[in-house]
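Each chain is listed here by its residues.
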Amino acid sequence: MVVDALDVAFVVPSSGPSGIYGPSCWASGRLAVSEINDDGGILGREVRLCAVDGGRAPQAVAAEVGSLVASGAVGAVAGWHTSAVRQAVAPRLEGRVAYVYTALYEGGECTPGVFLTGETPAGQLLPALGWMARELGVRSWCIVGNDYVWPRASARVARTFAASVGAEVCDEIYVGLGTEEFGPTLRRVERSRAQGVLMFLLGSDAVRFNRAFTEMRLHDQRVRLSPLMDENMLLATGAANTHDLYSAAGFFEALGTPHGLDFERRYLDRLGPTAPAITSPGESCFEGMTLLAHLAAAARSTEVAPISAAAESVSYEGPRGAVRVHDRHLMQRIYLARADGLEFDVLAEISGGL
């Protein structure tokens, strides 16, 4: 019987360019919490989500989360948000509570108490570039990204990865969050003569880029590859603007594995047919809350020290199939998909991950 509560600061965007991910993140987070509580909660404690808008300026998010933790109002932090927000939040926590970061990111996070469920470049970007080179002959890339840590750090890794598969990065272009006019950027892409565009763009920025890409007819000569292109973004982009658009991720709604189909069934049963679309960022929030429950169960505690000591023993099966924790990261399979109108067509498993 649940006799107490564990409040979790649930940091997901409801504003800004990444706000498009928010509804699915919330829906999947609520599903996870309802299933955890149906099973007795976390160590007998009812789990409750405390909303924090992760789409605001990083320092504003960090100040709110830090205050919640310092006051004892929350006993853990989880959610999908940018790396800029994560880098502001993590130091504020000082290892006092577990922090489960669910977004794909650039790799290298080692702050005590931070656990990560998202894809990293080694398992996502490297095999994707290799697949594109082998299967499509794409060996030259122009990078277009938002101007913050995830795109810039990922671009540095991409240069090394590209060289390892016989490809090259011809140019790098960075734009501010919330950019609406992509004409100058696309003209520079055209001048680069690259065969492909490697996109590190968030949410609505990526949507506007894709629309402008088609308007300038660049889709006739170049493919696009994004490590962050979810089902909602495809809908917003429009079927006419997704030609030769590829994405790599650990989860796609269209994947059709038994684990994924079971997740979809439970999602619709619990939330109804009008629930937000099932997306990769949203599912990652389900994954994050599920991981928090497994970590606490393995450690028999919600404290950071025992959770950290027990983390390497944690493995389970969820929507992404069999996963396990290694070095505080979730090891998982990665897939490559091509947009087919408003849906993804999953082409290959490109990384075993386990």
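Residues numbered from 1 in each chain as written. Predicted model: local features only at pLDDT ≥ 70, side-chain atom pairs only at ≥ 80, totals over all residues. Heavy atoms only, no water.

A. Main features of the UniProt feature "domain: Leucine-binding protein" (unreviewed entry) in the protein. Summarizing the sequence annotation, UniProt attributes the feature "domain: Leucine-binding protein" (unreviewed entry) to residues 8-340 in the numbering used throughout. Between the C-alpha atoms that bound residues 8-340 the distance is 37 Å, and the span itself is 42% helix and 22% strand. (UniProt positions renumbered as here; feature names shortened; annotations may be inferred. Helix = DSSP H or I, 4+ residues; strand = E, 2+ residues; numbered from the N terminus.)

B. Representation of the pairing of strand 10 (residues 245-249) in the model. In terms of burial, strand 10 is largely enclosed, as 5 of its 5 residues are buried. Alternating positions in strand 10 separate into two faces, Leu-245, Ser-247 and Ala-249 on one and Tyr-246 and Ala-248 on the other, with burial throughout. The sheet contact formed by strand 9 (residues 223-226) and strand 10 spans 3 bridges and is parallel. Bridge pairing in strand 10 links Leu-225 to Tyr-246. Each parallel crossover has a hand, and for strand 9 linked through helix 8 (residues 231-237) to strand 10 it is right-handed. Pairing geometry for strand 10 and strand 14 (residues 334-340), over 4 bridges, is antiparallel. Its bridge partner lying in strand 14, Ala-248 is registered against Leu-336. (Buried < 20%, exposed > 50% of the residue type's maximum accessible area, 1.4 Å probe, protein only. Pairing = 2+ DSSP bridges. Right-handed = clockwise from strand over helix to strand, strands pointing away.)

C. How the structure looks around the nonpolar core. By size, the foremost hydrophobic cluster in this structure holds 121 residues, and its most contacted members are Val-65, Val-77, Trp-141, Phe-209, Leu-225, Met-289 and Leu-291. The element contributing the most residues to this core is helix 10 (residues 280-299), with 9 residues. Residues lining this core come from more than one domain, with at least three contributed by each of domain 1 (5-119 + 256-331) and domain 2 (122-249). (Core = buried A, V, L, I, M, F, W, Y, C linked by side-chain atoms within 4.5 Å. Domains from an automatic or database assignment.)

D. Region of the structure containing helix 2 (residues 58-70). For helix 2, with 13 residues, the first-to-last C-alpha span of 18 Å sits near the 18 Å given by 1.5 Å per residue. Where helix 2 is concerned, the buried positions are Val-61, Ala-62, Val-65, Gly-66, Leu-68 and Val-69. Looking down the long axis of helix 2, one finds its buried residues gathered within 160 degrees of arc, a one-sided arrangement. Turned more than 90 degrees from where helix 2 packs its buried face, Gln-59 and Ala-70 sit exposed. Those residues of helix 2 that are buried lie in contact with strand 1 (4-12), strand 2 (45-53), strand 3 (76-79) and helix 3 (83-93). (Expected span 1.5 Å × (residues − 1). Arc of directions from axis to C-beta. Contact = heavy atoms within 4.5 Å.)

E. Focus on the domain arrangement of the protein. Partitioning the protein into structural domains gives domain 1 (5-119 + 256-331) and domain 2 (122-249). Its C-alpha centre places domain 1 at a distance of 27 Å from the equivalent point of domain 2. At the junction of the two partners, domain 1 supplies 19 residues and domain 2 supplies 20 residues. On the domain 1 side of the contact with domain 2, Pro-17, Ile-20 and Leu-104 bury the most area, a combined 34% of that side's loss. The interface formed by domain 1 and domain 2 holds 0 salt bridges in total. Our count for the domain 1 to domain 2 interface comes out at 3 residue pairs in polar contact (both at pLDDT 80 or more). Secondary structure elements with two or more residues in the side of domain 1 that touches domain 2: helix 3 and helix 10. With 3 residues, the single largest contributor to the side of domain 1 that touches domain 2 is helix 3. Looking at side-chain class alone, the side of domain 1 that touches domain 2 contains 10 nonpolar, 7 polar and 2 charged residues. (Buried area = accessible area lost by both parts, 1.4 Å probe. Salt bridge = Lys/Arg side-chain N within 4 Å of Asp/Glu carboxyl O. Polar contact = N/O pair within 3.5 Å; in protein donor to acceptor, adjacent residues only side chain to side chain. Nonpolar A, V, L, I, M, F, W, Y, C, P; charged D, E, K, R; others polar.)

F. Local environment of the packing of aromatic side chains. The tally for this structure, following the rule as stated, stands at 13 aromatic pairs. Seen from their ring centres, Tyr-21 and Trp-80 are 4.6 Å apart, and the 50 degrees between their planes marks the pair as tilted. One end of the pair, Tyr-21, is in the loop between strand 1 and helix 1 (22-38); the other, Trp-80, is in the loop between strand 3 and helix 3, with 59 residues separating them in the sequence. Summarising the burial analysis for this pair, Tyr-21 and Trp-80 share the class buried. With a centroid separation of 5.5 Å and an interplanar angle of 80 degrees, the aromatic rings of Phe-182 and Phe-209 are classed as edge-to-face. A residue pair is termed long-range when its members are at least 10 positions apart, and Phe-182 in the loop between strand 7 (168-175) and helix 6 (183-192) and Phe-209 in helix 7 (residues 203-215) qualify at 27 residues. Classification of Phe-182 as buried rests on a relative accessible area of 2%. The cationic tip of Arg-86 hangs over the ring face of Tyr-101; the distance from NZ or CZ to the ring centre is 5.0 Å. (Phe/Tyr/Trp six-rings, centres within 6.5 Å; stacked < 30°, edge-to-face > 60°. Lys NZ or Arg CZ within 6 Å of the ring centre and 35° of its normal.)

G. Local environment of unusual backbone geometry. The phi torsion at Leu-43 lies on the positive side, around 55 degrees, for a residue other than glycine. The exposure class assigned to Leu-43 is partly exposed, which follows from its relative accessible area of 44%. For Asp-327, which is not a glycine, the phi torsion comes out positive at approximately 55 degrees. Relative to the helices and strands, Asp-327 is located in the loop between strand 12 (321-326) and strand 13 (329-331).

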